[in-house]
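Spelled out, the chains give:
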Amino acid sequence: EDELDLMPAATAYGEIARRTMELDVQTCLLPAVGSYVNDTDSLKRFIDMADPEVLRVCIDSGFLAQAKITTASFIKDFRQKIGIVHLRDTKALPQRAAKKKKSEKDGEKAAHESQVPKVQAMELGKGELDLESFVDALLKVEFVGWGPVLFDPARSKSLLEIAKTCHHYAEHTLDLVF
């Protein structure tokens, strides 16, 4: 990937961010493992190309763990850009062997996809992440804002049961106020 790969998307994001800011609405970019914006450097370049004055970042605890990014330093680096936070606990899923390639292009795609760690979002406190350190890092930069909880619904529980578990963990373990 080089600057030219990011430029069209960054230009579009910048324009969207400027227009939505006129309406008092923030545009936030959610970096994702396996995308063009998948680490600290590519995120910094993307924001600079888009419009650093108006484009914000969605900080996702699951993304940081999946990308093996140090939470405290990432949050400190982007403290002025945080628009929203995703509270997501995850656990690693077993990696599957890559299928036989059909063509060279398919082979490159399969090789890339096999390097992306697969994770499953869990109820808060049921995964492998250190969410207490994540919240501590946010508090150190004095983040005040929204932090929706993301999870993959368990088939054995109702959404209400899962929501209650997440709420209890957030309130009693993470000491978050609702």
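Worth saying up front: this structure is predicted, and the values here are computed from it rather than measured. Residue positions are counted from 1 within each chain, in the order its sequence is given. pLDDT decides what is reported in this predicted model: residues at 70 or higher carry local features, side-chain atom pairs at 80 or more are listed and counted, and totals for whole chains, interfaces and linings draw on all residues regardless. Side-chain numbers come from the whole structure's heavy atoms, not from hydrogens or water.

Participant: Help me understand the packing of aromatic side chains, please; the structure alone is not making it clear to me.
Facilitator: Aromatic ring pairs are defined here through the distance separating the ring centres and the angle between the ring planes. To pair, rings of Phe, Tyr and Trp, with the six-membered ring standing in for Trp, must have centres within 6.5 Å; the planes then decide the type, stacked if under 30 degrees apart, edge-to-face if over 60, and tilted in the middle. Under the criterion given, the structure shown has three aromatic pairs. Taking 6.5 Å as the distance between ring centres and 65 degrees as the angle between the ring planes, the aromatic pair formed by Phe 63 and Phe 74 counts as edge-to-face. On the criterion of sequence distance, the pair formed by Phe 63 in helix H3 (residues 61-66) and Phe 74 in helix H4 (residues 71-77) is long-range, its members being eleven residues apart. Here Phe 63 matches Phe 74 in class, with each residue buried. Throughout, exposure labels follow a simple rule: accessible area from a 1.4 Å probe, protein chains only, divided by the maximum for the residue type, with under 20% read as buried, over 50% as exposed, and the rest as partly exposed. Judged by relative accessible area, which is 2%, Phe 74 ranks as buried. By the ring-pair criterion, three or more aromatic residues cluster together here, those being Phe 63, Phe 74 and Phe 78. Numbering of helices and strands runs from the N terminus; a helix is a DSSP stretch of H or I covering at least four residues, while a strand is a stretch of E covering at least two.

Participant: Just to check I follow, could you spell out the layout of surface pockets for this structure?
Facilitator: Empty space left among the atoms is revealed by rolling a probe the size of a water molecule over them. For each structure, a 1 Å grid was placed over the protein atoms alone; sets of points admitting a 1.4 Å probe that cannot get out are labelled cavities, open sets with protein on both sides within 12 Å along at least five of seven lines are labelled pockets, and lining residues have an atom within 4 Å of a point. Grid points are joined across faces, edges and corners, and a volume is the space filled by probe spheres set on the points. The calculated volume of the second largest pocket comes to roughly 360 Å³. Lining the second largest pocket are 15 residues, and of these Phe 143, Gly 145, Trp 146, Gly 147 and Leu 176 lie nearest its centre. Contributing elements (two or more residues each) for the lining of the second largest pocket: strand S3 (82-92) and helix H6 (131-140). Tallying contributions element by element places H6 first for the lining of the second largest pocket, with three residues. Residues belonging to the lining of the second largest pocket are distributed by class as follows: 13 nonpolar, two polar and no charged. Residue type decides the class: Asp, Glu, Lys and Arg count as charged, Ala, Val, Leu, Ile, Met, Phe, Trp, Tyr, Cys and Pro as nonpolar, and the leftover types, Gly among them, as polar.

Participant: Can you walk me through unusual backbone geometry in this structure?
Facilitator: When glycine is set aside, most residues are seen to have a negative phi, and most peptide bonds are trans. The phi dihedral of Lys 68 is positive, around 60 degrees, even though this residue is not glycine. Structurally, the position occupied by Lys 68 is in the loop between H3 and H4. Backbone geometry places Glu 142, a non-glycine residue, at a positive phi of 60 degrees. With respect to the helices and strands, the residue Glu 142 is situated in the loop between H6 and strand S5 (149-150).

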